[in-house]
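Here is how the chains run, residue by residue.
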Amino acid sequence: MMDFAFRIMDSLIACLTINLSWDLVMDVYWFLFFIEFPRYYMFDIIAAINYGVTWKSRRNKQAVARRMLYMEKPLVTILAPGKNEGHNIYKLVKSLREQTYRNFEIIIIDDGSDDATPQICADLKKAGFIDMFFRMHDRCGKAGAANYGVLHASGKYIVHLDADSSLDRDAIEKILLPFYYDRNIKGVGGCVKVRNANDSLCTAMQAQEYLRTIQVGRMVTDMLGIYHIISGAFGAFETEAIRQVGCWDIGPGLDGDITQKLRKAGYKVKFVPEAICMTSVPKTWSALFRQRKRWAKSLIRFRVRKHRDILWAGRNFSFSNMFSNMESIVFDSLLNYVWLFYVINLIVGNTSRLLEIIIMGWLIRLLFSLSTFIVIQCVSERSREERLLGCYLPLHTFYMGYFLRIARLVGHTQELFFYSSYKDSWNPGKVSMVARTEGL
């Protein structure tokens, strides 16, 4: 079947290149070859090779760190803030009770829910499944809820989870190991994957995206020393360090913000692709579009405005921090506007052969996406389960290249000119008003 598909693809390319010379191909697809390929495809392959080459040294390092972890056996605080997550809490707690590392306390913070969360958590606490439960009667936002939990945390380390997360059995153990690689590592990100991939086409595309942008993409940024976002769905922090930097500031975008604050304080952050967390993602395109607009706004709000001080020499300057921030701003924002003008120019200047150009571009991206999917299969711990996601590769260009890019463009533009993140219902209005006044 695969050979048949490749023969069809070769035939299509042969037909198309009759009218598209090599010079014209390079002229038309320069954005793909010179911008997208080096950043989003070539480095994926390099990271996978590096992951394979270093497996033995990495295994030995993990073995030493595991011995140190179990010799010390520190108390860990597991923190899960959320609103209206009553239907997910038991699944989270169940996965925590099955962990290989067991010396932890569980704190659940209910951020003003109007579902059955208080009753469910009260029952879980009475049964001894959770250690502490706090209810914020006036909603204060995810950051405020998490910070309230930090006040009551007794653990040496804090593991922050989304309330709709569930973990692999060894996830807590694995996310703690980097703290024993280097005492200057104060934040560690786990690998987040999609639990509800089979719910709809929308969730299946996100499952494929998460494999590429989180499992492989963050391996790349970690390898380059520019890892810049510890996911709120599954991240670990040294408690003393997170208190020192002032905990979480008001979001959206609080995941990247807390990571940047740790980096600015001179600490190291690490990504662990083997520490797996499963989460639920939006099931509809409209909900996904709203989510990605919110994420896009956070890039402008935090990286362009709040943390712009690390873009030039000063008190908080370091080359790796500057490069980390610039890489995110350039590739996730600035080049999206370049892409918009590129597409407009492509359409205006090639009306007579536009269909050929679209088909050829799709074929090239399909080949690139196939190479990345092979990389994913090489590094994933559950490659057999995820293999079926390969059937969605023909749609990858339209999802990543158009849908998500347009969502980011809209979000960036709204935030650049209208500061619209402060009007987002994701945070309570009164909290966002204070955040804007304080420049958060």
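The structure this text deals with has already been given above.
If you're wondering where the values come from, they're calculated on a predicted model, not measured in any experiment.

Asks: Before we go on, may I ask you to explain empty space enclosed by the protein in this structure?
Replies: Any space left empty among the atoms is revealed by the rolling of a water-sized probe across them. In this structure the tally under the stated criterion is two cavities of 30 Å³ or more. In this structure, the largest cavity occupies an estimated 50 Å³ of space. In terms of lining residues, the largest cavity is bounded by Gln208, Arg212, Ser369, Thr372, Phe373, Ile376, Leu393 and His396. Every element with two or more residues in the lining of the largest cavity is listed here: helix 9 (201–224) and helix 14 (354–379). Sort the elements by how many residues they give to the lining of the largest cavity and helix 14 lands first, with four residues.

Asks: Sorry if this is basic, but what is going on with the packing of aromatic side chains here?
Replies: Within a pair of aromatic rings, the relevant descriptors are the distance that separates the centres and the angle that separates the planes. Under the criterion given, the structure shown has 21 aromatic pairs. With centroids separated by 5.4 Å and ring planes inclined at 20°, the aromatic side chains of Phe31 and Tyr342 adopt a geometry described as stacked. Linking Phe31 in helix 3 (residues 30–53) with Tyr342 in helix 13 (residues 319–349), this pair joins segments that are 311 residues apart in sequence. Residue classification places Phe31 among the buried positions, given a relative accessible area of 1%. With a centroid separation of 6.2 Å and an interplanar angle of 15°, the aromatic rings of Phe37 and Tyr41 are classed as stacked. Of this pair, Phe37 and Tyr41 both sit in helix 3, four residues apart, which is roughly one turn of that helix. Accessibility expressed as a relative area gives 26% for Phe37, which makes it partly exposed.

Asks: How should the nonpolar core be read in this particular structure?
Replies: Considering soluble globular proteins, one finds that nonpolar side chains tend to be buried as a cluster. Ranked by size, the top nonpolar core spans 88 residues in total, and within it Leu96, Val159, Ile172, Leu176, Phe234 and Trp248 carry the most contacts. Core analysis: the second largest hydrophobic core is formed by 15 residues, Val28, Leu32, Ile35 and Ile364 among them.

Asks: Just checking my understanding: could you explain the sheet that holds strand 3 (residues 132–136) for this structure?
Replies: Hydrogen bonds between backbone groups are what pair the strands of a sheet, and the pairing can be parallel or antiparallel. Read from one edge to the other, the open sheet built from eight strands follows the order 3-2-1-4-7-6-8-5, with strand pairing classed as mixed. Pairing within the sheet leaves two strands with one partner each, and these edge strands are strand 3 and strand 5 (166–167). Where strand 4 (residues 157–161) meets strand 7 (residues 234–238), five bridges bridge the pair, whose relative direction is antiparallel. The residue bridging Tyr157 from the neighbouring strand is Glu238, located in strand 7. This element, helix 6 (residues 117–126), spans strand 2 (104–111) and strand 3 of the sheet and lies at about 160° to strand 3. Sitting on the sheet, helix 9 is in contact with strand 6 (185–194) and strand 8 (268–279), with an inclination near 155° to strand 6.

Asks: When you look at the pattern of salt bridges in this model, what are you seeing that I'm missing?
Replies: Should the charged atoms of two oppositely charged side chains come close, the side chains can pair. With the rule as written, the count across this model stands at 26 salt bridges. Residue Glu72 pairs with Lys156 through a salt bridge whose shortest N-O separation is 2.7 Å. On the criterion of sequence distance, the pair formed by Glu72 in helix 4 (residues 55–72) and Lys156 in the loop between helix 7 (141–151) and strand 4 is long-range, its members being 84 residues apart. One connected set of salt bridges, linked through shared partners, spans Asp168, Lys193, Glu381, Arg382, Glu385 and Glu386.

Quick notes on the rules
- Residues numbered from 1 in each chain as written.
- Predicted model: local features only at pLDDT ≥ 70, side-chain atom pairs only at ≥ 80, totals over all residues.
- Heavy atoms only, no water.
- 1 Å grid on protein atoms, 1.4 Å probe; cavity = no way out; pocket = protein on both sides within 12 Å on 5 of 7 lines; lining within 4 Å.
- Points joined across faces, edges and corners; volume = space filled by probe spheres on them.
- Helix = DSSP H or I, 4+ residues; strand = E, 2+ residues; numbered from the N terminus.
- Phe/Tyr/Trp six-rings, centres within 6.5 Å; stacked < 30°, edge-to-face > 60°.
- Buried < 20%, exposed > 50% of the residue type's maximum accessible area, 1.4 Å probe, protein only.
- Core = buried A, V, L, I, M, F, W, Y, C linked by side-chain atoms within 4.5 Å.
- Pairing = 2+ DSSP bridges.
- Contact = heavy atoms within 4.5 Å.
- Axes fitted to C-alpha atoms, helices over the stretch in contact; angles between N-to-C directions.
- Salt bridge = Lys/Arg side-chain N within 4 Å of Asp/Glu carboxyl O.

Limitation: the analysis is restricted to geometry and does not speak to function.
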